[in-house]
Amino acid sequence: MNIEPGDYVEVATSKGSVRGILLPRPEYGEGNIVVIKLDNGYNVGVIAKEIRLIRKGERKERERRGEIKNLKGLPTISIIGTGGTIASYVDYKTGAVNPALTAEDFIFTVPEIVKEANIRAEMVFNILSEDMKPEYWIKIARKIKDEAKFSNGIVIPHGTDTMSYTSASLSFMLEKLPFPVVLVGSQRSSDRPSSDAYMNLISAVKVAKTDLGEVVVVMHATSSDDKCLIHRGTRVRKMHTSRRDAFKSVNSRPMGEVGEEVKFYGEYRKRDDKLVLRDKMDEKVSLIYFYPGMKSDLLESLLDGMHGAIIMGTGLGHVSSDLLPILRKNIRDGVVVGMTSQCLYGRVNLNVYSTGRELKNAGVIPLEDMLPEVAYVKLMWLLGNYDLSKVKKLMRENLRGEISNRRFLE
Amino acid sequence: MKCGIEIHQQLNTKKLFCDCDSRLSDNVIGKVIRILRPTQSEMGEVDRAAVEESLKKRKYIYEITDNSCLVELDEEPPHEMNLEAIETALKVSLMLNAKIVDEIHVMRKIVIDGSNTSGFQRTALVAMNGYVDTKFGRVKIPTICLEEEAARKIEEKDNYVVYRLDRLGIPLIEIATSPDMKSGEEVKEVAQKIGYILRATKKVRRGAGTIRQDLNISTGQGRVEIKGVSKLNMIPKWVENEVKRQEMLKEVAEILKERDARVHKEIYDLTDIFTNTKSKIIAREIKNGGVVLGLKLERFAGLLKSDKFRLGRELAERVRVIGIRGLFHGDELPAYGISGKEVEKIRKKLNLGDDDSFVIIAGPEEKVRLGMEKVIERAKMAIHGVPDETRAPKDDGSSIYMRPLPGAERMYPETDIPPIRIPNSYIEKLKRELPKMPEERVKDLVSLGISEQDAWQILHMGMEDEFEKIAKKYGYPTIVARAMINGCRDIDYEPVFKYLNEGKFAKEAVDDIVLRMCNGEKFEDILSEFKESVNVDEVIERIVKNKIEFIRERRENAFKPLMGIAMKELRGKVDGRIVSEKLREKVEKIIESSS
Ligand SMILES: [Zn+2]
């Protein structure tokens, strides 16, 4: 009989025999090793001489969850899934981690959510954060527009790697919002008891119930599970590879915090009575990280065929002077080139040093204190929706809180 | 009787999944607060309530120490498993005749008491099907695991627990035997032998709390784990007492069944009976607004407390863990200030016959009601026999109820750590590098001139290498052995025997010197007291000169009496062996010259 993963087997090895459930071979590791889940729960890898079937494994149907009754008086919140495992549960028999796909799954995973809101949930696609593309941003934006008919707020679970790009793109595309759009992620996957997903998700739902009319990111404030911060979608950046409090507002204060209650620190845009969506994106924009020794032919190829480019320059916003001719030429040909800083913190200024002044004279647009990734998304969006002179003008204007005139000591 | 043992030994490598030092620390440099929740799995509607409960209830406060990093904080994925720790675990496995797996897979074992910041303990099975032989026979060792130590509990309150991260992540070797052992002496022997093997690797941590043993004891009904039996010498006593306890419980069950005993659910409020009680405990509880509740135990009389039976204690232990101390039962009353009249009133109110007994608990009503639930639960179990329990050992050889035995462990793969391939060539290499087995090591030591018993003792203390070095370099094997056995582990013995060998003091002084060093005195300071030491050569010269005729007359027979004279003067100041050597030399010279 055919032996498949899930079957209970006896494996003969040169060191004796081992009994347990045959597991699927993980993508790494050597081919001749089989992985067995022993009766005591441990997995071990053994070199198999022979595998004998003891009994076939049971095919497990995906568990059906009971229907959820909506409660009167609670707002409806739409959860728009994009993939990832912010909400997931473990099958201890096989060790598989299953993502929450439906509203029922979400409630099963985070039961206390039902006290906050009636939940609608749908996956628009299931991809890894790093595989995100502008076309997916547009899909999410359109889905948000569709949900406006049913919902009082939107929560978007999202992988953390590119969450700030998505939050920036939604900020620009959704010109007017009748409800909050809250992106949320987790730095510890939710199959762990210590996951930050639960608090982040609950906090996100709480923010989605407020009178906010902006796109925000809600994530842990500190390493402790005591509160979350609300970051403006155009100001937030992942600043640590693994910590719970990886997300920081750069060049601005967070908009507020969520403990038991939501607390806004200052001004914010309120809910509008309608939703306005401009969902065009010109993908012919590059984001260029300058480094000492960068060759002009590389820069040239990065600009080839592009309608715009955002440069992450050094310090106040510089690149080496031997790159100037290429930039001049491309700008003359109609490419929009904006300057941001690798420092991330602080405002670019092209007036202080001669290279800066030359860049400015060449037509490079200094982009104030905008984050490079936000500038990149903004330029794509502007090029998709406005003519060139408008694009150049709007790049320097504050549209969604992405630029500020004043910065302070924290 | 079937008994098994589980041994957990900390290693002194770096931590298992990061580069922090494996030690305890009092240097607390920060704190974080965390909440853990059971992950959703095969949970039904019922468990959902438990989830909510767990959410509002407990916060875990973690103290960050100088020897912890983002990994212990669960803020950074684990690094690859420490190679030195793996190697140590594999060597131990080989010494225990176990078969090493071809690929090690790290698992996550769910633990949500907060002792792991992640909510799970990382653990990996490294070898299977080993055994250990002692004079009692062979005991199987089905599994040997390498896992991470939990955080150290510092403080526990109703709504929070404080843990320190210093201990979290220290590598632990877990060795579990089959329940093959038949006596406490055998368990002790096996524990000792495994202990020797662990220490032979020289990679284990030493000192209080660095090795922990759990006993599994079953006498045919129920499984009992006695957790944390640290003193090996006490193991036979704990086993013996636990077997007695289980036999007693089985007998109790037989009698209860025969009598058709019953546990009723009704709980009676008896507070009125005690309005003027002389019992201080009950009076105080009532004064604080508490109640006295009673429970009828039909046909339980004589089993709660008598010469033979002690079921009452079992009931009391169950409520002690929720903080109730004021439990009394029918077999022990009247006593403790509770009068005969009060007992009579209780019996009347509960409508008890001669065969019936009862339990009363005084305290705040909510707590007492919870306590009564526990009593009912335990009393019902008594009819069936020995319940599955985790018990804590007590110093007097008895044990006390801790909690029910945990169910099957929930495990799933640690996806952050790729499987570790263990090639046969590596195992062969390790086999060539294995330390000697304890028996061989004992033979080595015995060959240096000490008794087998002392050799085992030195091995047990882990001082065999130091002993061997000193005894080979300076001699005095029995004195070195005695000094180490009576002394302590953390002093440097070598200079003592170096200076003894140089004749700075006599061997009679060694015990005293070692004792003083163990009490914290510096060896140099003690040595300075022997500074104005006599000139041995001068003394011997003088004695020989005075007795020269005697030597010429008695020849070789003169040595013994002269030695007596010399030692009278030099005892405690110079080692007799040196005196003897020097004296013999002189005497022989004179005999030679005179012949
Ligand atoms: Zn560490």
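The rules behind these values
Residues numbered from 1 in each chain as written. Chains lettered and ligands numbered in written order. Predicted model: local features only at pLDDT ≥ 70, side-chain atom pairs only at ≥ 80, totals over all residues. Heavy atoms only, no water. Helix = DSSP H or I, 4+ residues; strand = E, 2+ residues; numbered from the N terminus. Rg over C-alpha atoms; globule rule 2.2 N^0.38 Å. Buried < 20%, exposed > 50% of the residue type's maximum accessible area, 1.4 Å probe, protein only. Contact = heavy atoms within 4.5 Å. Areas by Shrake-Rupley, 256 points an atom, 1.4 Å probe, with all protein chains shown as cover. Lys, Arg positive; Asp, Glu negative; His and termini not counted. Charge placed at Lys NZ, Arg CZ, Asp CG, Glu CD. Donors = N, O, S within 2.8 Å, 3.2 Å for Na, K, Ca; no water. Disulfide = S-S within 2.5 Å. Domains from an automatic or database assignment. Pairing = 2+ DSSP bridges. Axes fitted to C-alpha atoms, helices over the stretch in contact; angles between N-to-C directions. Patch = residues over 30% accessible without salt bridge, like charges linked within 9 Å, V, L, I, M, F, W, Y side chains within 5 Å. Salt bridge = Lys/Arg side-chain N within 4 Å of Asp/Glu carboxyl O. Polar contact = N/O pair within 3.5 Å; in protein donor to acceptor, adjacent residues only side chain to side chain. Nonpolar A, V, L, I, M, F, W, Y, C, P; charged D, E, K, R; others polar. Phe/Tyr/Trp six-rings, centres within 6.5 Å; stacked < 30°, edge-to-face > 60°. Lys NZ or Arg CZ within 6 Å of the ring centre and 35° of its normal. Core = buried A, V, L, I, M, F, W, Y, C linked by side-chain atoms within 4.5 Å. Expected span 1.5 Å × (residues − 1). Arc of directions from axis to C-beta.

## Points about the overall build of chain B
Counting secondary structure elements, chain B contains 20 helices and 21 strands. Its C-alpha atoms give chain B a radius of gyration of 33 Å, more than 25% over the compact-globule value 25 Å for 595 residues. Principal-axis analysis of the C-alpha atoms gives chain B an extent of 110 × 65 × 50 Å. Per-residue burial for chain B yields a buried fraction of 53% across its 595 residues.

## Section: the overall build of chain A
The secondary structure content of chain A amounts to nine helices and 23 strands. Projected onto its principal axes, the C-alpha coordinates of chain A cover approximately 80 × 55 × 35 Å. By the burial criterion, 56% of the 410 residues in chain A qualify as buried. By sequence separation, contacts in chain A at least 24 residues apart represent 67% of the contacts at least 6 residues apart. For chain A, the accessible area works out to roughly 18,000 Å², and carbon and sulfur atoms hold 49% of it. The centroid of the 61 positive side-chain charges in chain A is displaced by 3 Å from the centroid of its 53 negative side-chain charges.

## Points about the coordination of the zinc ion
Residues and elements named next belong to chain B. With distances of 2.2 to 2.6 Å, the protein atoms coordinating the zinc ion are C18 (SG), C20 (SG), C69 (SG), E72 (OE) and E72 (OE). Ordering the donors of the zinc ion by residue number gives the pattern C-x1-C-x48-C-x2-E. In this pair, C20 sits in the loop between β1 (2-10) and β2 (28-34) while E72 sits in the loop between β3 (59-65) and α2 (83-95), placing the two residues 52 residues apart along the sequence.

## Overview of the state of the cysteines
Residues and elements named next belong to chain B. Counted according to the given criterion, the structure contains one disulfide over all chains. The partner cysteine of C488 in its disulfide is C518, sulfur to sulfur 2.1 Å. For the disulfide bridge between C488 and C518, the dihedral angle about the S-S bond is near -100 degrees, and by the sign convention the bridge is left-handed. Of this pair, C488 sits in the loop between α13 (477-486) and α14 (494-501) while C518 sits in helix α15 (residues 510-518), placing them 30 residues apart in sequence. With a relative accessible area of 16%, C488 lands in the buried category.

## Description of the domain arrangement of chain A
Interfaces are frequently sized by the accessible area removed from exposure as the parts join. Each assigned domain of chain A is listed here: domain 1 (8-56), domain 2 (76-277) and domain 3 (285-394). Each of domain 1 of chain A and domain 2 of chain A has a C-alpha centre, and these two points are 41 Å apart.

## Side note on the sheet that holds strand β14 (residues 262-269) of chain B
For sheets, the rule is that strands pair by backbone hydrogen bonds, running either parallel or antiparallel. Residues and elements named next belong to chain B. Here we have four strands laid out as an open sheet, ordered β14-β15-β17-β16, and antiparallel in their pairing. Because the sheet does not close on itself, it has two edges, and the strands there are β14 and β16 (327-329). Strand-to-strand, the axes of this sheet are offset by a mean angle of 20 degrees, without reference to chain direction. Packed onto the sheet, helix α5 (residues 280-287) meets β15 (291-298), β16 and β17 (357-363) and runs at close to 50 degrees relative to β17.

## Looking at the domain arrangement of chain B
In terms of domain boundaries, chain B breaks down into domain 1 (8-206), domain 2 (262-362), domain 3 (438-530) and domain 4 (536-593). When each unit is reduced to the centre of its C-alpha atoms, the spacing between domain 2 of chain B and domain 4 of chain B is 83 Å.

## Side note on a nonpolar patch on the surface
All names here are of chain A. Taken together, the side chains of Y291, L298 and L302 define a hydrophobic patch exposed on the protein surface, amounting to about 230 Å² of accessible area. Along the chain, L302 turns up in helix α5 (residues 296-303). A relative accessible area of 32% means that L302 is categorised as partly exposed.

## Comments concerning the environment of B:R571
All names here are of chain B. As for its placement among the helices and strands, R571 is situated in the loop between α19 (559-570) and α20 (576-594). A residue is classified by how much of its surface remains accessible, and R571, at 54% relative accessible area, is exposed. Between the alpha carbons of R571 and A509 there is a distance of 9.5 Å; along the sequence they are 62 residues apart.

## A closer look at the sheet that holds strand β13 (residues 215-220) of chain A
All names here are of chain A. A sheet is described by the order of its strands in space; here eight strands give the open sequence β9-β6-β10-β12-β13-β14-β17-β18, paired in mixed fashion. Looking at the sheet topology across the chains shown, the edges are occupied by β9 (118-123) and β18 (262-264). Direction aside, neighbouring strands of the sheet carry axes that sit 25 degrees apart on average.

## Description of the interface of chain A and chain B
Contacts between the two partners involve 42 residues from chain A, matched on the other side by 54 residues from chain B. There are seven salt bridges connecting chain A and chain B. Taken together, the connections running from chain A to chain B amount to 20 residue pairs in polar contact (both at pLDDT 80 or more). Counting residues per element, the ones that place at least two in the side of chain A that touches chain B are β3 (33-37), β4 (43-47), β7 (88-91) and α1 (103-109) of chain A. The biggest single contributor to the side of chain A that touches chain B is β4(A), with five residues. Residues of the side of chain A that touches chain B, tallied by class, amount to 17 nonpolar, 13 polar and 12 charged.

## Quick word on a positive patch on the surface
Residue and element names in this part refer to chain B. Residues K305, R313, R320, R325 and K394 make up a contiguous surface patch of positive charge. Assignment of secondary structure puts K394 in the loop between β18 (389-393) and β19 (399-404). K394 sits in the partly exposed class, given a relative accessible area of 36%.

## Regarding the packing of aromatic side chains
Throughout the structure, instances matching the rule amount to 12 aromatic pairs over all chains. One aromatic cluster is present, formed by A:F172, A:W381 and A:Y386 through successive ring pairs. Across the ring face of A:Y8, the terminal group of A:R55 is positioned such that the distance to the ring centre comes to 4.3 Å. Above the face of the B:Y131 ring, B:R138 is positioned so that its terminal group lies 3.6 Å from the ring centre.

## Observations concerning the pairing of strand β10 (residues 160-164) of chain B
Residue and element names in this part refer to chain B. For β10, a buried count of four out of five residues is recorded, marking the element as mostly surrounded by other parts of the structure. For strand β9 (residues 152-156) and β10, the ladder comprises four bridges, and the chain directions are antiparallel. When the bridges of β10 are listed, R152 appears paired with R164. Here β9 hands over to β10 after three residues, the two strands then running antiparallel side by side.

## Topic: the nonpolar core
Among the nonpolar cores identified, the biggest contains 100 residues, and B:L146, B:L215 and B:I235 are the most heavily contacted of them. With eight residues, the single largest contributor to this core is helix α4 (residues 235-259) of chain B. In contact with B:I235, other than residues within four places in its own chain, are B:I5, B:G184, B:V187, B:K188, B:A191, B:L215 and B:V229. A:F125, A:V236, A:L275 and A:V374 belong to the second-largest nonpolar core, a separate cluster that totals 54 residues.

## Here we look at helix α8 (residues 372-385) of chain A
All names here are of chain A. End to end, α8 covers 20 Å across 14 residues, agreeing with the expected 20 Å (1.5 Å per residue, within 8%). With 12 of 14 residues buried, α8 lies mostly within the body of the structure. The set of residues buried in α8 consists of P372, E373, V374, A375, Y376, V377, K378, L379, M380, W381, L382 and L383.

## Concerning the pattern of salt bridges
Summed over all chains, the structure comprises 95 salt bridges over all chains. With a closest N to O distance of 2.7 Å, B:D74 and A:R244 form a salt bridge. With B:D74 in the loop between β3 and α2 and A:R244 in the loop between β15 (236-238) and β16 (247-249), this pair bridges two chains. The exposure class assigned to A:R244 is buried, which follows from its relative accessible area of 0%. Put simply, B:E521 and B:R516 hold a salt bridge, and the shortest N to O gap is 3.0 Å. B:E521 sits in the partly exposed class, given a relative accessible area of 35%. Given the relative accessible area of 18%, B:R516 is considered buried. In this structure, a network of salt bridges that share partners links the residues A:R188, A:R192, A:R244, B:R34, B:D74, B:E75, B:R108, B:R122, B:E148, B:E414 and B:D416.

## Some points on helix α10 (residues 438-447) of chain B
Residues and elements named next belong to chain B. Those residues of α10 not exposed but buried are P438, R441, V442, D444 and L445. One side of α10 holds all its buried residues, which, seen down the axis, span an arc of 155 degrees. For α10, the exposed residues lying more than 90 degrees away from the buried face are K443 and S447. Tucked into the core, α10 has its buried residues touching α3 (184-200), α11 (452-461) and α12 (464-474). Downstream of α10 by one or two residues, G449 has phi in the positive range, about 115 degrees.

## Some remarks on unusual backbone geometry
Note: most peptide bonds trans; most residues except glycine with negative phi. Residues and elements named next belong to chain B. For the bond running from L333 to P334, omega is 0 degrees, close enough to zero to count as cis. Topologically, P334 is positioned in the loop between β16 and α7 (340-349). Unusually for a residue other than glycine, Y476 sits at a positive phi of about 50 degrees. Position of Y476 among the secondary structure elements: in the loop between α12 and α13.

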